[in-house]
Amino acid sequence: MIRRSVVIGLDGVTWRILDPLIENGHMPRLASLRARGAWGVLESTVPTYTPPAWTSAITGVNPGRHGIYGFIEGHAQNERRELVHSGRIEAPTIWEMAKAQGLRAGVYNVPLTYPPRELDGWMVSGMMTPGWGERQRGFTSWDKGSADLEARILKWVPDYAVDMSADWERDWRDAALAERALAILQQRYTVLDRLIQLDPPDLLFTVLETPDRLQHVYFRYLDPADPLYDTEAGRKLRPQVIECYQAMDRIVGLLDDYADGGGALVCSDHGFTAWESSVHTNTLLQQWGYLKLKAGARLMQTSAARKAISLAKRVLPARVAREAKNRTFAAVDWSRTRAFASPIPQQGVYINLKGRERLGVVEPGELQGLKEAIKRNFEELSGPDGRPVTDRVHLAEDVFEGDALDGAPDLLPVMLDHRFELDDELFHKQPITDLSHLPRGVHHPDGIVVVRGPGAKQTSGLRGSVMDVTPTMLYLGDFAVPDGLDGSVLSDAFDTDAFNARPPRGTAPPTSGPRDEGSPYSEDEEKQIEESLRGLGYI
């Protein structure tokens, strides 16, 4: 008898927010699930961002093997930078692993599943799907009729939204975002409920994007340890945000009930923390002598010029603002620049390597020494208050391994437990901008995990990686785990005797389906998606 296995993905959630909600009775289904199983911390990828993290969760491998590092391919030197999509994933996915074992899969709202892939079962694509704010199209795949499934969803929920937009620059001022979030969560419940009745899958992998959007905007109003928690604004907004977490809990209950005698795994792709400052990486590299501007470009470092750039980011359409930002990189003297910042989601630094970068000048023999020198610069960096701000600096070879390294930054600094986020802007006179007066949040590597199912024990000390999600999901359903994954079954979640009596079964890795790396987006669709990414501070 096939045993169902369900992943309930809550994008960006952290125990810092969930613990007080559980203690106050707002999330009884998650509390019940946690009480019946093993739970703890799930560590995200480096970089700690949605595209690499969820892709690692659905493949069981590190970004060096699946090739996804951010939302957009390329960096400041690329003449054209394309949005990332499902055709760029270079490793076998959970639905391909299911198909190889004769299992039906349901994949719901997982980021970077557009265009939806062919599978035995159904898929409803999530973040990075076009159609923002208007009637959706092309967001489903079903081996019984993709167009039919899409029509059914639009009949169940005529105003169905494939993703939830947010604007971290404006939405923190009132509860409008929370009101939209609640409506979308009600849509998610309806669609999931109908889907699992229409075509019950053996493996069900779902993601709710809502907590990430709420925490980008309201995080410091939700964390009881934060100074902004007990402010008037925090007290006013918090009840409406809590309603959203209660709606998420209903979905947790729906999916836990669906798993029934099988297994359920609740997880997040990353956690969250307070966003205290922006670190202008290119400004640091310029001060250290690694990035050079052309003659006359320093005029852009005046206060008036910086304010004009900031205004453009807020009021211009995202594509226009990004193109304007890209044009600022024309001020870089690439012939004398040895290092430059990655786009924001990559959270790193690229060496301007000859033979790899279009305008590269650094000889391959100089690469390692230059990386070590920049690493030391970061390690010695102090903030405005004179205190050190860098926790560690990852080198690419320390965190990535595989044949899909194109796009990986050479260095990835971690600053003050991720509360300082790196950007790729030019023309800042000071390298660090304080944002601590705002309630916004930023990604942290400590996400959550809960494992409930046959053989699971009750413990709160579980610790794993997002790469462990796929192998653990397969094990919970008593299915075989492909050989050679970077992740492994979370054995500490299970009673020792039960785990030894039923050890994981291996199987050959599945053959990946055809990959189509060509962009599936029209120009208008790109503009639409970039607008949503800008609202989250990602571009």
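For the structure itself, look to the data block above.
Below, the structure is looked at part by part. All of these numbers come straight from a predicted model, not from anything done at the bench. (Residues numbered from 1 in each chain as written. Predicted model: local features only at pLDDT ≥ 70, side-chain atom pairs only at ≥ 80, totals over all residues. Heavy atoms only, no water.)

**Overview of the overall build of the chain**
(1) Moving on: Secondary structure assignment for the chain yields 17 helices and 20 strands.
(2) Moving on: Here the chain has a C-alpha radius of gyration of 23 Å; the compact-globule value for 539 residues is 24 Å, and the two agree.
(3) Moving on: Reported as C-alpha extents along the three principal axes, the dimensions of the chain are approximately 70 × 55 × 45 Å.
(4) Moving on: Expressed as a percentage of the 539 residues in the chain, the buried residues total 61%.
(5) Moving on: Of the contacts formed within the chain by residues at least 6 apart in sequence, a portion of 75% connects residues at least 24 apart.
(6) Moving on: Of the roughly 20,500 Å² of accessible surface on the chain, a fraction of 48% belongs to carbon and sulfur atoms. (Helix = DSSP H or I, 4+ residues; strand = E, 2+ residues; numbered from the N terminus. Rg over C-alpha atoms; globule rule 2.2 N^0.38 Å. Buried < 20%, exposed > 50% of the residue type's maximum accessible area, 1.4 Å probe, protein only. Contact = heavy atoms within 4.5 Å. Areas by Shrake-Rupley, 256 points an atom, 1.4 Å probe, with all protein chains shown as cover.)

**Digging into the packing of helix α1 (residues 15-23) against helix α2 (residues 28-35)**
Helix-helix packing: each pair is described by the crossing angle between the helix axes and the interaxial distance.
(1) Moving on: Their axes nearest at 9 Å, the elements α1 and α2 cross at an angle of 105°. It follows from the interaxial angle that α1 and α2 lie roughly perpendicular. Where α1 abuts α2, its residues W15, L18, D19 and I22 lie against L30, A31 and R34.
(2) Moving on: Its residues assigned to classes, the contact of α1 with α2 shows five nonpolar, no polar and two charged. (Axes fitted to C-alpha atoms, helices over the stretch in contact; angles between N-to-C directions. Parallel < 35°, antiparallel > 145°, perpendicular 65-115°, else oblique. Nonpolar A, V, L, I, M, F, W, Y, C, P; charged D, E, K, R; others polar.)

**Topic: the packing of aromatic side chains**
(1) Moving on: With the rule as written, the count across this model stands at 15 aromatic pairs.
(2) Moving on: Between W54 and F205, the aromatic rings sit 6.3 Å apart at their centres with planes inclined by 80°, giving edge-to-face as the arrangement. On the criterion of sequence distance, the pair formed by W54 in helix α3 (residues 50-59) and F205 in strand β6 (residues 203-208) is long-range, its members being 151 residues apart.
(3) Moving on: With a relative accessible area of 1%, F205 lands in the buried category.
(4) Moving on: Judged by centre distance (5.0 Å) and plane angle (75°), the rings of Y475 and F494 are edge-to-face. Pair noted here: Y475 is in helix α15 (residues 469-476) and F494 is in the loop between β19 (481-482) and α16 (496-501), with a separation of 19 residues, a long-range link. Both residues of the pair, Y475 and F494, count as buried. (Phe/Tyr/Trp six-rings, centres within 6.5 Å; stacked < 30°, edge-to-face > 60°.)

**Examining the nonpolar core**
(1) Moving on: Residues Y160, F205, Y218 and Y245 are the most contacted members of the largest nonpolar core, which totals 125 residues.
(2) Moving on: With 13 residues, the single largest contributor to this core is helix α9 (residues 232-259).
(3) Moving on: Within the second largest apolar cluster, 36 residues are counted, among which are V332, L353, L367 and L411. (Core = buried A, V, L, I, M, F, W, Y, C linked by side-chain atoms within 4.5 Å.)

**Here we look at unusual backbone geometry**
Glycine aside, residues mostly have negative phi, and peptide bonds are mostly found in the trans state.
(1) Moving on: Residue P47 follows V46 across a cis peptide bond; omega there is 0°.
(2) Moving on: Within the secondary structure layout, P47 lies in the loop between β2 (38-43) and α3.
(3) Moving on: Residue P115 follows Y114 across a cis peptide bond; omega there is -5°.
(4) Moving on: Mapping P115 onto the fold places it in the loop between β3 (105-108) and β4 (121-124).

**A look at the environment of V266**
(1) Moving on: Relative to the helices and strands, V266 resides in strand β7 (residues 263-267).
(2) Moving on: Spatially, the C-alpha atoms of V266 and V451 are 6.7 Å apart, while their sequence positions differ by 185 residues.
(3) Moving on: Not counting the four nearest positions on each side in its chain, V266 is found in contact with I8, L10, L30, L33, I448, V449 and V450.

**Quick word on α15**
(1) Moving on: The buried fraction of α15 amounts to eight of the eight residues, a majority that puts the element mostly inside the structure.
(2) Moving on: By the burial criterion, the buried members of α15 are V469, T470, P471, T472, M473, L474, Y475 and L476.
(3) Moving on: Once α15 finishes, D478 follows within two positions and takes phi at roughly 65°, a positive value.

**Some points on the sheet that holds β3**
(1) Moving on: The strand order across the open sheet built from nine strands is β5-β4-β3-β6-β1-β7-β17-β2-β18, with neighbouring strands paired in mixed fashion. Taken across any chain shown, the strands that pair with only one partner, and hence form the sheet edges, are β5 (140-142) and β18 (459-465). Pairs of neighbouring strands in the sheet enclose a mean axial angle of 15°, with direction left out of account.
(2) Moving on: Sheet topology places strand β1 (residues 5-10) next to β7; five bridges connect them, and they run parallel. Across the sheet, the residue bridging to S5 is G263, located in β7.
(3) Moving on: Seen against the sheet, α2 touches β2, β7 and β17 (446-452) and runs at an angle of roughly 70° to β17. (Pairing = 2+ DSSP bridges.)

**Some thoughts on the pattern of salt bridges**
(1) Moving on: A full pass over the atoms with the stated rule returns 31 salt bridges.
(2) Moving on: With a closest N to O distance of 2.8 Å, D257 and R29 form a salt bridge. Of this pair, D257 sits in helix α9 while R29 sits in helix α2, and the two are 228 residues apart along the sequence.
(3) Moving on: Close ionic contact of R152 with D148 constitutes a salt bridge, the shortest N to O distance being 3.1 Å. Linking R152 with D148, this pair stays in helix α6 (residues 146-156), spanning four residues, or about one helical turn. (Salt bridge = Lys/Arg side-chain N within 4 Å of Asp/Glu carboxyl O.)

**Quick look at the packing of helix α7 (residues 176-198) against helix α8 (residues 210-222)**
(1) Moving on: Relative orientation of the contacting elements α7 and α8 amounts to 175°, with a least axis distance of 10 Å. The angle between α7 and α8 places the two elements in the roughly antiparallel class. Facing A176, L177, A178, A181 and L185 of α7, the residues of α8 in contact are T210, R213, L214, V217 and Y218.
(2) Moving on: Taken together, the residues of the contact of α7 with α8 break down into eight nonpolar, one polar and one charged.

Shape is all these values report; function is a separate question.
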